[in-house]
Amino acid sequence: MVTCLFFHAHPDDEALLTAGTMARLSAEGHRVVLVVATAGEAGLLAGGGDPGALRRAELRSSAAVLGCDRLVELGYPDSGLLGSPDGFSSQDPYRVALRLADVLREENARMLTSYDPNGGYGHPDHRQVHAVATLAARLARTPIVLEATVDRSWYARGLKAARLAGIKPPPGADQVYSSRAEITHRVDVRPWLADKRASMAAHASQASSPGGDTRTLAALLRLPRPLFRLALGTEWYVRRDVPAGTRMTHPLAELC
Ligand SMILES: [Zn+2]
């Protein structure tokens, strides 16, 4: 049994990027810990009630569906896509890393997930996840650090399909995530897709498209099942300390 720590910026990042891997590791008997930096309150349009409380409740449901053994919420303010002076992205990464390293040590975690230096698509909180995770893994001497990503060529095909369906992708969308050559881990999560779908659906506030704005999560949940399986059956990671061209199929490849 190995403890694996999944570090994400906002509620629903775990659902989109690593939910299948989390459900798989949990089913295989490993301890799965989810650490989330913010409550994602900037990702919610104005409405009644407390957006942070709603998204935290959704996060708890998602974590339960995925078999997480522990959920740690670091409680930083969501910076939003444009950044904010007191948001998570403006915090001193070293101070945050000390907190994350405490959890890594306490759990004796052998694996930590992060994002690539650009945070996949440039969100300031996602770039901060990369900075913090890199420092924390060094502090706690965590042997395996995996950057959760998306195969860019797969993403480009998705964008093409989205354009055909009349959905306009954001500018620069074809320059995001990782090239196929960079990816070291392709994890087959097809047997755990029901859990992944349930985790995505738990984030109900992100699963609707208010005012014609199509959220990724909403669009993916609308896919017919065979397409959902095709689109979301693999999760991708980049591990920087293994030779380029390495092809692994399990996140804990050399430990199991
Ligand atoms: Zn996010």
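These figures come from a predicted structure and were not determined experimentally.

Conventions used here
Residues numbered from 1 in each chain as written. Predicted model: local features only at pLDDT ≥ 70, side-chain atom pairs only at ≥ 80, totals over all residues. Heavy atoms only, no water. Helix = DSSP H or I, 4+ residues; strand = E, 2+ residues; numbered from the N terminus. Expected span 1.5 Å × (residues − 1). Contact = heavy atoms within 4.5 Å. Core = buried A, V, L, I, M, F, W, Y, C linked by side-chain atoms within 4.5 Å. Buried < 20%, exposed > 50% of the residue type's maximum accessible area, 1.4 Å probe, protein only. Donors = N, O, S within 2.8 Å, 3.2 Å for Na, K, Ca; no water. Tetrahedral: all angles 85-135°; square planar, octahedral: opposite > 155°, others 65-115°. Pairing = 2+ DSSP bridges. Axes fitted to C-alpha atoms, helices over the stretch in contact; angles between N-to-C directions.

Novice: I tried to follow helix α4 (residues 93-107) on my own but got confused; where do I start?
Specialist: Note on helix geometry: an α-helix contains 3.6 residues per turn, so any two residues three or four positions apart are oriented the same way. The end-to-end C-alpha distance of α4, which contains 15 residues, comes to 21 Å, matching closely the 21 Å that a straight helix rising 1.5 Å per residue would cover. Packing partners of the buried residues in α4 comprise β1 (3-8), β2 (31-38), β3 (70-76), β4 (111-114) and α5 (124-140).

Novice: Teacher, can you tell me more about the nonpolar core here?
Specialist: A general trend in soluble globular proteins is that nonpolar side chains are found buried together. Counting 64 residues, the largest nonpolar core has L5, F6, F7, V35 and L100 as the members making the most contacts within it. In contact with F7, not counting residues within four places along its chain, are V35, A37, L74, F88, L100, L112, T113, Y115, V129, V132 and A133.

Novice: I'm lost on the coordination of the zinc ion in this one. Help?
Specialist: Angles at a metal have ideal values that depend on geometry: 109.5 degrees with four tetrahedral donors, 90 or 180 degrees with six octahedral donors. Taken together, H10 (ND1), D13 (OD), D13 (OD) and H126 (NE2) make up the full set of protein donors to the zinc ion, lying 2.0 to 2.4 Å away. Taken together, the four donor atoms coordinating the zinc ion span angles of 56 to 140° at the metal, a pattern that classifies the geometry as irregular.

Novice: Help me understand helix α6 (residues 152-164) in this model?
Specialist: With 13 residues, α6 should reach 18 Å at 1.5 Å per residue; the first-to-last C-alpha distance of 18 Å fits that figure. Positive phi shows up at G166, right after α6, with a value of about 85°.

Novice: Got a minute to help me understand the sheet that holds strand β5 (residues 144-149) in this structure?
Specialist: Adjacent strands of a sheet form backbone hydrogen bonds with each other and so pair up, either parallel or antiparallel. Read from one edge of the open sheet, seven strands run β3-β2-β1-β4-β5-β7-β6, paired in mixed fashion. Two strands bound the open sheet, and with one partner strand each, they are β3 and β6 (185-188). Each strand axis lies, on average, 25° off the axis of its neighbour in the sheet, ignoring direction. Judged from the four bridges that link them, β6 and strand β7 (residues 234-238) form a sheet pairing that is antiparallel.

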